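Structural overview for review
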Amino acid sequence: MTQPTTTARFLKPAVDYATSKNLYVIIDHHQIDNATTGNSAADATTFWTDIAPKFANYANVLYEPFNEPIDGSVAWATFKPVVQGWITTIRAGAPNNIIIVPSMSYDQHPGDAASNPPTGSNLVFTAHIYPGNWSTSFKTQVSTAVGKAPVFITEWGYELNGSDSKSQYRQYDVGN
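No experiment lies behind these values; they were computed from the predicted model shown. (Residues numbered from 1 in each chain as written. Predicted model: local features only at pLDDT ≥ 70, side-chain atom pairs only at ≥ 80, totals over all residues. Heavy atoms only, no water.)

Moving on, we get to helix H2 (residues 40-54). End to end, H2 covers 22 Å across 15 residues, agreeing with the expected 21 Å (1.5 Å per residue, within 8%). If you look at H2, its biggest bend is around 30 degrees, right at tryptophan 48. Inspection of H2 places Ser40, Ala41, Ala44, Phe47, Trp48, Ile51 and Ala52 among the buried residues, and these make up the whole buried set. For H2, the secondary structure elements touched by its buried residues are helix H1 (3-20), strand E1 (25-33), strand E2 (61-69) and helix H3 (76-93). (Helix = DSSP H or I, 4+ residues; strand = E, 2+ residues; numbered from the N terminus. Expected span 1.5 Å × (residues − 1). Bend = angle between axes of the 7 residues up to and from the residue. Buried < 20%, exposed > 50% of the residue type's maximum accessible area, 1.4 Å probe, protein only. Contact = heavy atoms within 4.5 Å.)

Of note in the backbone geometry, tyrosine 106 takes a positive phi value of approximately 65 degrees without being a glycine. On the secondary structure map, tyrosine 106 appears in helix H4 (residues 104-107). Of note in this structure, asparagine 122 is not a glycine but carries a positive phi near 55 degrees. With respect to the element layout, asparagine 122 can be found in the loop between helix H5 (110-115) and strand E4 (123-129).

On the surface, a nonpolar cluster with roughly 370 Å² of combined accessible area is contributed by Ile153, Trp156 and Tyr158. If you trace the backbone, isoleucine 153 turns up in strand E5 (residues 151-156). (Patch = residues over 30% accessible without salt bridge, like charges linked within 9 Å, V, L, I, M, F, W, Y side chains within 5 Å. Areas by Shrake-Rupley, 256 points an atom, 1.4 Å probe, with all protein chains shown as cover. Salt bridge = Lys/Arg side-chain N within 4 Å of Asp/Glu carboxyl O.)

Another point: the environment of proline 110. Looking at where proline 110 falls in the secondary structure, it is placed in helix H5. Classification of proline 110 by relative accessible area gives buried; the value is 1%. Through-space distance from the C-alpha of proline 110 to that of phenylalanine 125 is 6.1 Å; in sequence the pair is 15 residues apart. Apart from the residues within four sequence positions on either side, proline 110 is in contact with Ser103, Phe125, Thr126, Ala127, Phe138, Gln141, Val142 and Ala145.

Right, dumping it as structure tokens:
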């Protein structure tokens, strides 16, 4: 199925339905990959060139340019120009919608991103929280970001009956 067909048959009706129920919608380019190498950044740019203008008049639609860039070995200074390219592409088609800014290592560096933000308005930063990443370093990243800009937790999860010692939830016996 082509992207225009998918957009017309599934995405637009879903967004319209959510809008009719006064809900917010996050449209993201959902990919887990390195964005500073390969074709993933270009694929996201192509996606946003098409999608951003289609939902520009929906005040309830937020754009997340790239869900979970891996890019664990690069600094924000290297990743930022890639993110700026997506923001520029989105702004060309949707000048006012909120953009949820990603960071490296599965969105684990929102503090780095918010401390040296890309250019643009209506930007918020994201963090993905899971039991295994709720470390002192990550908490510092989130705290730093929150001190500078809005932060939107666009993914979170837990591990039922997990053995992860960093888990911040209470485990329940569900009678396995």
